[in-house]
Protein chains: 2
Amino acid sequence: MKTICGNTYEHYLDMVKNFHGHLAPGMLIGGFMVDAAVNNLPEGEFFDAVCETRACLPDAIQLLTPCTIGNGWLKILNMGLFALTMFEKFDGEGIRVYVDPPKLEPWPEIKSWFFKLKPKKEQNFELLLKQISDAGADFCSLAKVQMKPEYVDHKRRKGFDICRQCGEAYPWEDGSLCLSCQGQNPYV
Amino acid sequence: MKTICGNTYEHYLDMVKNFHGHLAPGMLIGGFMVDAAVNNLPEGEFFDAVCETRACLPDAIQLLTPCTIGNGWLKILNMGLFALTMFEKFDGEGIRVYVDPPKLEPWPEIKSWFFKLKPKKEQNFELLLKQISDAGADFCSLAKVQMKPEYVDHKRRKGFDICRQCGEAYPWEDGSLCLSCQGQNPYV
Ligand SMILES: [Zn+2]
Ligand SMILES: [Zn+2]
């Protein structure tokens, strides 16, 4: 029986339901991908993560590694690619795990789900879950990568000012007003 | 004894250590802020979240609400403001919880930490934790907000193509090449 970063598959399913809210196929596939990354790390002790999509995969990383969005060790580049990289924090040497489309051929229900070939109600969810569980990370490939320097540098803590428009504390290097008052606020 | 979304403070500290990796002051303050939001929600059943900083607070939201970055119910606007909003998913009516600087006066160690007035090694961490635990959400304020329409609309699933440069699947509306191949990739 496959394990996912030391968890039984059953236990991982529970972790997914509790954190992500439902058994999303992307979370299950993501679990196997994170497991593949963790089992193929370069030399080192501390590893950050980059996720190339915002959908599902960041949660698999957050559940299975020390990297979260709030502690800054997980960064998300919303490029819509189902891939992740774990890299050594200080030298940037990393391992990228990605879905390799030709390798999806033996897994037609996964291929169909991945490319959104069928409307949701025509998908056979049970068969999809079975193929995901059988495939593990077989339809993924790994590649060694080197992170660009900006991903390896770590910013120092900067100072905070009071925004003269809204009165809240904001990082002074953002300008004379906070970014929210400069127009980025999401409120009407 | 204060509770945080139904958890004892002790239990919340354990949740923080397990998920975030360490007892970050921002996580403890964040817990009280999320609790305040959850206790002051407008009418409704489903709520999304917006976080106005990338530091710590997103993890408090992910631990205490159904909203995560991977399920899309949590969005992060990296504006550097220590504030969050929970809003009704379909009509956008929300409650914003933010740190209100004048209210920090009774809590000098928290004020000092928040504005980074002292270098880390001069901070009295024990006193900081005590003040955070005593203050709860007392130095925060709440405001009703209405989300801009783009935060309330939900995008439909789009189609995927194979990128002719890297061979991976990507959302076709991103262009003739995937965003990674268009230059957004983080690798050397
Ligand atoms: Zn402002
Ligand atoms: Zn590409």
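Whatever comes next refers back to the structure up there.
Residues numbered from 1 in each chain as written. Chains lettered and ligands numbered in written order. Predicted model: local features only at pLDDT ≥ 70, side-chain atom pairs only at ≥ 80, totals over all residues. Heavy atoms only, no water.

**Quick notes on the overall build of chain A**
Thought 1: Scanning chain A from terminus to terminus reveals six helices and nine strands.
Thought 2: With the principal axes as the frame, chain A shows a C-alpha extent of 60 × 45 × 30 Å.
Thought 3: The proportion of buried residues among the 188 residues of chain A is 55%.
Thought 4: The contacts of chain A with a sequence gap of at least 6 include a subset with a gap of at least 24, amounting to 63%.
Thought 5: Summed over all atoms, the accessible surface of chain A reaches about 8,900 Å², with 52% contributed by carbon and sulfur.
Thought 6: In chain A, which carries 20 positive and 24 negative side-chain charges, the distance between the mean positions of the two groups comes to 5 Å. (Helix = DSSP H or I, 4+ residues; strand = E, 2+ residues; numbered from the N terminus. Buried < 20%, exposed > 50% of the residue type's maximum accessible area, 1.4 Å probe, protein only. Contact = heavy atoms within 4.5 Å. Areas by Shrake-Rupley, 256 points an atom, 1.4 Å probe, with all protein chains shown as cover. Lys, Arg positive; Asp, Glu negative; His and termini not counted. Charge placed at Lys NZ, Arg CZ, Asp CG, Glu CD.)

**Some details on the coordination of the zinc ion (ligand 1)**
Residues and elements named next belong to chain A.
Thought 1: Protein coordination at the zinc ion (ligand 1): the donors are C163 (SG), C166 (SG), C178 (SG) and C181 (SG), at 2.3 Å from the metal.
Thought 2: For the zinc ion (ligand 1), the four donor atoms in the first shell make angles of 103 to 116° at the metal, a pattern classed as tetrahedral.
Thought 3: Along the chain, the residues donating to the zinc ion (ligand 1) fall in the pattern C-x2-C-x11-C-x2-C. One end of the pair, C166, is in the loop between β8 (160-162) and β9 (169-171); the other, C178, is in the loop between β9 and α6 (180-184), and twelve residues separate them in sequence. (Donors = N, O, S within 2.8 Å, 3.2 Å for Na, K, Ca; no water. Tetrahedral: all angles 85-135°; square planar, octahedral: opposite > 155°, others 65-115°.)

**So, helix α1 (residues 9-20) of chain B**
Residue and element names in this part refer to chain B.
Thought 1: Along its twelve residues, α1 runs 16 Å from first to last C-alpha, staying within 8% of the 16 Å computed at 1.5 Å per residue.
Thought 2: Every buried residue of α1 is accounted for by Y9, Y12, L13, M15, V16, F19 and H20. Seen from one end, α1 has its buried residues packed into an arc of 160°, which puts them on one side. Of the residues in α1, the exposed ones pointing more than 90 degrees away from the buried face are E10 and N18.
Thought 3: Residue G21 follows α1 closely and has a positive phi angle near 105°. (Expected span 1.5 Å × (residues − 1). Arc of directions from axis to C-beta.)

**Topic: the coordination of the zinc ion (ligand 2)**
All names here are of chain B.
Thought 1: Taken together, C163 (SG), C166 (SG), C178 (SG) and C181 (SG) make up the full set of protein donors to the zinc ion (ligand 2), lying 2.3 Å away.
Thought 2: Each of the four donor atoms around the zinc ion (ligand 2) contributes to a set of angles spanning 104 to 117°, which defines the coordination as tetrahedral.
Thought 3: Mapping the donors of the zinc ion (ligand 2) onto the primary sequence gives the spacing C-x2-C-x11-C-x2-C. Here C181 lies in helix α6 (residues 180-184) and C163 lies in the loop between β8 (160-162) and β9 (169-171), a separation of 18 residues in the sequence.

**A word on helix α5 (residues 125-135) of chain A**
Note on helix geometry: an α-helix contains 3.6 residues per turn, so any two residues three or four positions apart are oriented the same way.
Thought 1: Inspection of α5 of chain A places L128, L129, Q131, I132, S133 and A135 of chain A among the buried residues, and these make up the whole buried set.
Thought 2: Buried positions along α5 of chain A lie against α1 (9-20), α2 (25-38) and α4 (108-114) of chain A.

**Concerning the environment of V38 of chain B**
Residue and element names in this part refer to chain B.
Thought 1: Of note, V38 is situated in helix α2 (residues 25-38).
Thought 2: Residue V38 is classed as partly exposed on the basis of its relative accessible area, which comes to 31%.
Thought 3: Between the alpha carbons of V38 and I4 there is a distance of 9.7 Å; along the sequence they are 34 residues apart.
Thought 4: Once you skip the residues sitting within four places of it in the chain, V38 turns out to touch C5, T65 and M86.

**Description of the sheet that holds strand β4 (residues 74-76) of chain A**
Residues and elements named next belong to chain A.
Thought 1: The sheet built from five strands is open, its strands ordered β4-β3-β5-β6-β7 with mixed pairing. Strand pairing shows two members of the sheet lacking a second neighbour, β4 and β7 (140-146), which therefore form its edges. Averaged over all adjacent pairs, the angle separating strand axes in this sheet is 20°, with direction ignored.
Thought 2: Bridge count between strand β6 (residues 93-99) and β7: seven bridges; the pairing is antiparallel. Paired with E93 across the strands is Q146, a residue of β7. (Pairing = 2+ DSSP bridges. Axes fitted to C-alpha atoms, helices over the stretch in contact; angles between N-to-C directions.)

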